[in-house]
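# A closer look at the structure
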Amino acid sequence: MTPRLPLDKIQPVSKIGPILAELKGLRKKSVMTNGCFDLIHPGHVRYLIRARSQGDLLLVALNSDSSVKLVKGTGRPIFPVQERCEIVASLQCVDLVTVFEEETPARLIRSLLPDVLVKGGDWPLDRIVGRAEVEEAGGRVISIPFEEGYSSTMLIEKIHKSTSLVRTPPE
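Residues numbered from 1 in each chain as written. Predicted model: local features only at pLDDT ≥ 70, side-chain atom pairs only at ≥ 80, totals over all residues. Heavy atoms only, no water.

### Focus on the sheet that holds strand 3 (residues 96-100)
Strand order in the open sheet formed by five strands is 3-2-1-4-5, with parallel pairing between adjacent strands. Only two strands of the sheet have a single neighbouring strand rather than two, namely strand 3 and strand 5 (140-144). Direction aside, neighbouring strands of the sheet carry axes that sit 25° apart on average. As defined by bridge partners, strand 4 (residues 116-120) adjoins strand 5 across five bridges and the pair is classed as parallel. Pairing of Lys119 across the sheet is with Ser143, part of strand 5. Where helix 2 (residues 42-52) meets the sheet, it contacts strand 1 (30-35), strand 2 (57-63), strand 4 and strand 5, and its direction lies at approximately 135° from that of strand 2. (Pairing = 2+ DSSP bridges. Helix = DSSP H or I, 4+ residues; strand = E, 2+ residues; numbered from the N terminus. Axes fitted to C-alpha atoms, helices over the stretch in contact; angles between N-to-C directions. Contact = heavy atoms within 4.5 Å.)

### Topic: the pairing of strand 3
Burial within strand 3 is extensive, with four of its five residues counted as buried. When strand 2 meets strand 3, the two strands line up parallel, connected through five bridges. If you follow Asn63 over to strand 3, its bridge partner there is Phe100. (Buried < 20%, exposed > 50% of the residue type's maximum accessible area, 1.4 Å probe, protein only.)

### Things to note about helix 2
For helix 2, every residue scored as buried is listed here: Gly43, His44, Tyr47, Leu48 and Ala51. Buried residues in helix 2, looked at end-on, bunch into an arc of 130°, giving them a common side. (Arc of directions from axis to C-beta.)

### Some details on the pattern of salt bridges
Where charged atoms from two side chains of opposite charge approach closely, those side chains can pair. A complete count under the given rule lists six salt bridges for this structure. In this structure, Asp38 and Arg76 form a salt bridge, with 3.0 Å as the shortest nitrogen-oxygen distance. Linking Asp38 in the loop between strand 1 and helix 2 with Arg76 in the loop between helix 3 (65-72) and helix 4 (81-89), this pair joins segments that are 38 residues apart in sequence. A relative accessible area of 1% places Asp38 in the buried class. A salt bridge links Arg84 to Asp65, with the shortest nitrogen-to-oxygen separation between them at 2.8 Å. (Salt bridge = Lys/Arg side-chain N within 4 Å of Asp/Glu carboxyl O.)

See the structure below:
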């Protein structure tokens, strides 16, 4: 039997607003973070668990494929957005996953105004997109310390380096 994919966690942006409004009505806190999440590693998992601990529901907004290319350059993403959505949604700490097309989630954050906005420690508070809007609406912005030694870009470079060392035997 094939395991059931967590597709119900993956929602279009248009469905997220009403879900967060209902949560607010129940006096529950929404937490939002965003990123490419291309090649999930232990640093990502630990980060998402810590983000989820800041409220009652964790929404992860993923960069679309074209957005990842703008941010990370050619050759990225490794996994297409639908597969990245499935991977992130499969994590127990993640409640909702959506996708944004722009280079940054500024418009999405302005429209949703989560109670808590979380980014990794590699982002200084004054550079976190959406910070002003979330704080003006009474929310909090949190920077979670970066997990040293974990980076999707570093893993991709390591894979490229190790595969370039492998020689094809002569025929």
